[in-house]
Amino acid sequence: MEKTLEKLISNNNRGLFLLDPPTGFGKTTAVIDLIKRFLKGDPCFSGVKRMFFVTNLLTNLPYSDLLDLLTEEEKKQCFRAKATVDYVLEHFLEVRIDDSEIVNSKEYQNLHRDIESYQFIKDLLDGEKNSARKTGHRNTLRILKQKISTDSEPAFRQFLKTKFIYNKSIQERKNFIKENGWFTYLYPICDIEKYKVIFLSTKKFISPIDTFRRVPFYAYCDDTLIKDSVVFIDEFDSTKQEFLNQIIEDGLKTHADIVSLFLNIHYALQNLTLPKKILHTSEYHREKVEKGEWYATEQHFTYWREQFEEKYKKHNINYLIKSVDFEWNKAFLFDDGRYFTIIKDSSKKFIYASVDQREDILSLRGQGYQSDKVLINNIIRDLEYCIDGFTQALFYVANNFLYHKNEGKGREETQYTLEEAIYTVLDVLNLSEEEKTYLFTKIQTGDYSFKKADKQDGMCKGFNFTEIEDSNYHDMKSVVHTYGFPTTPEDAILKLTERALVVGISATAKVKTCIGNYDLKYLQNKA
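Summarised in this report is the structure supplied together with it. As the structure is a prediction and not an experimental result, all values here were calculated from the model. (Residues numbered from 1 in each chain as written. Predicted model: local features only at pLDDT ≥ 70, side-chain atom pairs only at ≥ 80, totals over all residues. Heavy atoms only, no water.)

### Digging into unusual backbone geometry
With a phi angle near 55 degrees, asparagine 316 is a residue other than glycine that sits in the positive phi range. With respect to the secondary-structure elements, asparagine 316 resides in the loop between α17 (297–314) and β9 (321–323). Taking relative accessible area as the criterion, asparagine 316 reaches 28% and is therefore assigned partly exposed. Of note in the backbone geometry, asparagine 430 takes a positive phi value of approximately 60 degrees without being a glycine. Inspection of the secondary structure puts asparagine 430 in the loop between α19 (418–428) and α20 (433–444). For asparagine 430, a relative accessible area of 59% puts it in the exposed group. (Helix = DSSP H or I, 4+ residues; strand = E, 2+ residues; numbered from the N terminus. Buried < 20%, exposed > 50% of the residue type's maximum accessible area, 1.4 Å probe, protein only.)

What follows is the structure, encoded as structure tokens:
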């Protein structure tokens, strides 16, 4: 087993290889021995930058087994990445923070109170013998942990970013992290790039990683972290469900009223005078433009201004969209290359949009097939095309603004960050905080040119879910919420194999089923 893996790694630096040894064949022991040799500088692995071990269950991580075989210096090159909330719960009440501005902030106070409550209930649980009360304490702990994970800890983290990261030079950030030992206790992930061996759960591997040094990123498609590495994925086939769960969880976190977002961007492009500094082309971008590789910033705005205006007129978006005679207060559209419509009356399989001049609305009606009418699906696709394309353009504009702000600066000087540049460009458009968060997330996940019409790329493009909602609180219009799930488990694996050598290990790794395993035929054809 070890010899097979050694030969595989020595002769390949990219791609996906599946090994299906039977249970008890010693696959984990073989991987541990290889990692040990890698840390000791075995020349067989001279081209490998890092090694990752990924598994669904933290209990399956052979981290302790590896540490027992290493010297103290070698141990310092290994890292076990847990969920951020786990580190904070473990160390927050232990660390000493002397900065009064931090300690007196409402973000610190809220997090401190929540963690004290969590620890209090945890202590009660540890001493409780009554099974019913134990169940109650466990439920309370689960609720408190969820609150800390989604509310008080992210707020505290954002406070730290604002005070110590934004508008600071690279050296100032490094000095802050180095001089404040408590920070690396709470957020050891900030140093993930310094380690050579990284153990982590599947969920952590496919969740955004926030190092405080740059925009949060996904490990599986990040060149800085993953390029030229070897990634061992334990129980390979079972990780598909974890990938899918995380994609859905991330997609549900951010959604937008796509019609309102389209109208707000359209208004901004048509009516706002953009500052000269946003339109200025940096020296770096000018070289790209002159070579014909990129467009100038002003060209991006000009093109998308025309596209938004064309779709605005084509689909009569000056009218409010309102459903008519729907038996439910909601209808649903599912798009994975072909739209599937769900309304109460199953005979009305299509939703058509038309201008009702008597009511002055763009009415939506569920009907049987009508070849001469406009499907709401087509309108949504055109709106998404504009928003997705403009989002990609905003990334280039923000990148250009970043280079412009940092031109002529040395590493010791204050460096403008990409995160600041993206939010600055978004802020110019006068969008709501919810809309800015939605677009920022699309930029962060790289969901730029989402070609929904390309049916052959279904695995790569993911799927969209649209909800048309009516309510007495917005009785004059229907709200069109769209949820984007821009990737699939297979697409994530492909992105990973473009950057690293992936070794999937499982007794059932080669079982050909796209339900309990990845679509192996698709991966083989695309890899």
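Back to the text.
### Thoughts on the nonpolar core
Counting residues in hydrophobic clusters, the biggest one holds 50 residues, and the most contacted among them are Ile265, Phe308, Phe390 and Leu439. Counting residues per element, this core draws most heavily on helix α18 (residues 376–406), which supplies 13 residues. Counting residues in hydrophobic clusters, the runner-up holds 35 residues, among them Val54, Ile189, Ile192 and Ala219. (Core = buried A, V, L, I, M, F, W, Y, C linked by side-chain atoms within 4.5 Å.)

### Re the side chain of threonine 55
Turning to its location among the elements, threonine 55 is positioned in strand β2 (residues 51–55). The exposure class assigned to threonine 55 is buried, which follows from its relative accessible area of 1%. Not counting residues up to four positions away in its chain, the partners in contact with threonine 55 are Asn60, Leu61, Leu200, Ser201, Thr202 and Asp234. (Contact = heavy atoms within 4.5 Å.)

### Some details on the pairing of strand β7 (residues 230–234)
Across the five residues of β7, five count as buried, placing the element largely inside the fold. Here β7 shows two buried faces, one formed by Val230, Phe232 and Asp234 and the other by Val231 and Ile233. Sheet topology note: the β2/β7 ladder contains four bridges and is parallel. Within the sheet, the bridge partner assigned to phenylalanine 53 lies in β7 and is phenylalanine 232. Note: β7 against strand β17 (residues 501–505), five bridges, orientation parallel. The residue of β17 that forms the bridge with isoleucine 233 is glycine 504. (Pairing = 2+ DSSP bridges.)

### Concerning the packing of helix α14 (residues 258–271) against α17
Relative to each other, α14 and α17 sit at 125 degrees, their axes nearing to 9 Å. Looking at the two axes, α14 sits oblique to α17. For the pair α14 and α17, the sense of crossing is left-handed. Where α14 abuts α17, its residues Phe262, Leu263, Ile265, His266, Leu269 and Gln270 lie against Phe301, Trp304, Arg305, Phe308, Glu309, Lys311 and Tyr312. Taken together, the residues of the contact of α14 with α17 break down into eight nonpolar, two polar and three charged. (Axes fitted to C-alpha atoms, helices over the stretch in contact; angles between N-to-C directions. Parallel < 35°, antiparallel > 145°, perpendicular 65-115°, else oblique. Left-handed = near helix turned anticlockwise from the far one by under 90°. Nonpolar A, V, L, I, M, F, W, Y, C, P; charged D, E, K, R; others polar.)

### Here we look at the side chain of threonine 497
Relative to the assigned elements, threonine 497 resides in helix α22 (residues 489–497). With a relative accessible area of 9%, threonine 497 lands in the buried category. Residue contacts for threonine 497: discarding those within four places in its chain leaves Arg14, Gly15, Leu16 and Val502.

### Structural notes on the sheet that holds strand β3 (residues 78–81)
Pairing in this open sheet of six strands is parallel, and the strands run β1-β17-β7-β2-β4-β3 from one edge to the other. Every interior strand has two partners, whereas the edge strands, β1 (15–19) and β3, have only one. Averaged over neighbouring strand pairs, the angle between their axes works out to 15 degrees when direction is ignored.

### Examining the packing of α18 against α20
Running from N to C, α18 and α20 cross one another at 75 degrees; their axes reach a closest spacing of 10 Å. One way to sum up the angle between α18 and α20 is to call them roughly perpendicular. Residues Ile387, Asp388, Thr391, Leu394 and Phe395 of α18 pack against Leu439, Lys442 and Ile443 of α20. Taken together, the residues of the contact of α18 with α20 break down into five nonpolar, one polar and two charged.

### Observations concerning the sheet that holds β9
Spatial ordering of the open sheet is given by β9-β13-β12-β14, a layout of four strands whose pairing is mixed. Whereas interior strands pair on both sides, the edge strands pair on one side only; in this sheet they are β9 and β14 (374–375). In terms of strand pairing, strand β12 (residues 350–356) meets β14 through two bridges, oriented antiparallel. Paired with tyrosine 352 across the strands is leucine 375, a residue of β14.

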